[in-house]
Amino acid sequence: AKRSGRNGYAFFDRTLHEQVRIRVDLEQALRGALDRGELSVHYQPIVDLATDELSGFEALMRWNHPELGTVSPLEFIPIAEDTGLIVESGAWLLEEAAAQLVRWRAQRPAGLPELHISVNISVRQLRDAALVGVVRGVLDRTGLPASALWLEITESGVMEDPEGVLADLRALRDLGVTLCIDDFGTGYSSLSYLRFIPAGIVKIDRSFLAGVGAGSANEAIVRAVVAMAHTLGQEVVAEGVETLVQRDWLREHGCDRAQGWLYGAPRPAKAQLLWMDRSVSM
Ligand code: C2E
Ligand code: CA
Ligand code: CA
Ligand code: CA
């Protein structure tokens, strides 16, 4: 199989046989990735729309394979889930990101709002009985206040086992952690499940941002999500904000925060220093 530049292996236009072999190779390589130090964390800014000030970051996992280069999380996270490797690497990322945020909070000039860190929690992690203990341990060891930690969960993660997962979500909320519903709108039962997840934040999937500000039918959807979330006392974060037109429309329609290439792509921690002491001026 041939390689496809910076995104690693492409799955398109391949025979089933090739796909299976690539998958087995990736799985093999992923098993030792954490121990070999090939996993890292990138951070993407999340901005308060009312002020355009940095409010926090989402931590996103990266895999730097010595031969393949950067493998996309869209390819390796599903493998990490199936194999259970996500439990260990996810706990590692959580601790790494929490420790980084503690350093950033210490560096931030007085007068600016305290930063939060958002971490993705996959289905497999949600179903792991140790999750609440892992989160508590990370908060204890790093000294990060629970209120600064956001955990992003998806509908599919919850719907696979609502009863089993709900008790843990409540326990996390009781720790003071903020739960975010990630990729909102892409699942099948979004409305009913919004009611019973103890989430403080709804992240609108970026597929609904297309054409926003330019008269797209998506505007009605975003408006409805904002109205509904606010009624339930939840904040709304728009993901995948790429243009000023989108930003202006979102701000005008009461969306609380935004994240996307307009503000910055995910980058290593050291590339974020510029963000720490200024608001965005555009
Ligand atoms: P996600 O949680 O929805 O993360 C947002 C994705 O959108 C990121 O892709 C980010 O780079 C991308 N993005 C951000 N702004 C823009 C924009 O303005 N335009 C466009 N087109 N894309 C934008 P990334 O980093 O490749 O991650 C893909 C997915 O992999 C994530 O989607 C998440 O589901 C999963 N993932 C990443 N890191 C982790 C992790 O540590 N744990 C778990 N469980 N899943 C992770
Ligand atoms: Ca996310
Ligand atoms: Ca998302
Ligand atoms: Ca997504």
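Definitions and cut-offs
- Residues numbered from 1 in each chain as written.
- Chains lettered and ligands numbered in written order.
- Predicted model: local features only at pLDDT ≥ 70, side-chain atom pairs only at ≥ 80, totals over all residues.
- Heavy atoms only, no water.
- Disulfide = S-S within 2.5 Å.
- Buried < 20%, exposed > 50% of the residue type's maximum accessible area, 1.4 Å probe, protein only.
- Helix = DSSP H or I, 4+ residues; strand = E, 2+ residues; numbered from the N terminus.
- Expected span 1.5 Å × (residues − 1).
- Arc of directions from axis to C-beta.
- Contact = heavy atoms within 4.5 Å.
- Core = buried A, V, L, I, M, F, W, Y, C linked by side-chain atoms within 4.5 Å.

Looking up the chain in an unreviewed UniProt entry gives the name Diguanylate cyclase (GGDEF) domain-containing protein, with the organism given as Planosporangium flavigriseum.

What follows is about the state of the cysteines. Applying the stated criterion to the full structure yields zero disulfides. Its sulfur unpaired, Cys180 is 13 Å from the next cysteine sulfur, which belongs to Cys255. Accessibility expressed as a relative area gives 0% for Cys180, which makes it buried.

Let's shift gears to helix α1 (residues 16–31). Helix length check: α1 (16 residues) gives 23 Å between terminal C-alpha atoms against 22 Å at 1.5 Å per residue, within 8%. Listed in full, the buried residues belonging to α1 are Ile22, Leu26, Ala29 and Leu30. The buried residues of α1 all sit within an arc of 100 degrees when viewed along its axis, so they share a single face. Counted as exposed and oriented over 90 degrees from the buried face of α1: Leu16, His17 and Gln28. Buried-residue contacts for α1 involve β2 (53–65), β3 (69–71), α2 (73–83) and α3 (85–107).

Now for the nonpolar core. Membership of the largest hydrophobic core comes to 76 residues, with the highest contact counts inside it found for Ile117, Val119, Leu149, Leu151 and Leu169. Tallying contributions element by element places α3 first for this core, with eight residues. Residue contacts for Leu149: discarding those within four places in its chain leaves Leu94, Ile117, Val119, Val135, Leu139, Leu144, Val177 and Thr178. Judged by nonpolar contacts, the second largest core, of five residues, contains Trp150, Cys180, Ile201 and Val237.

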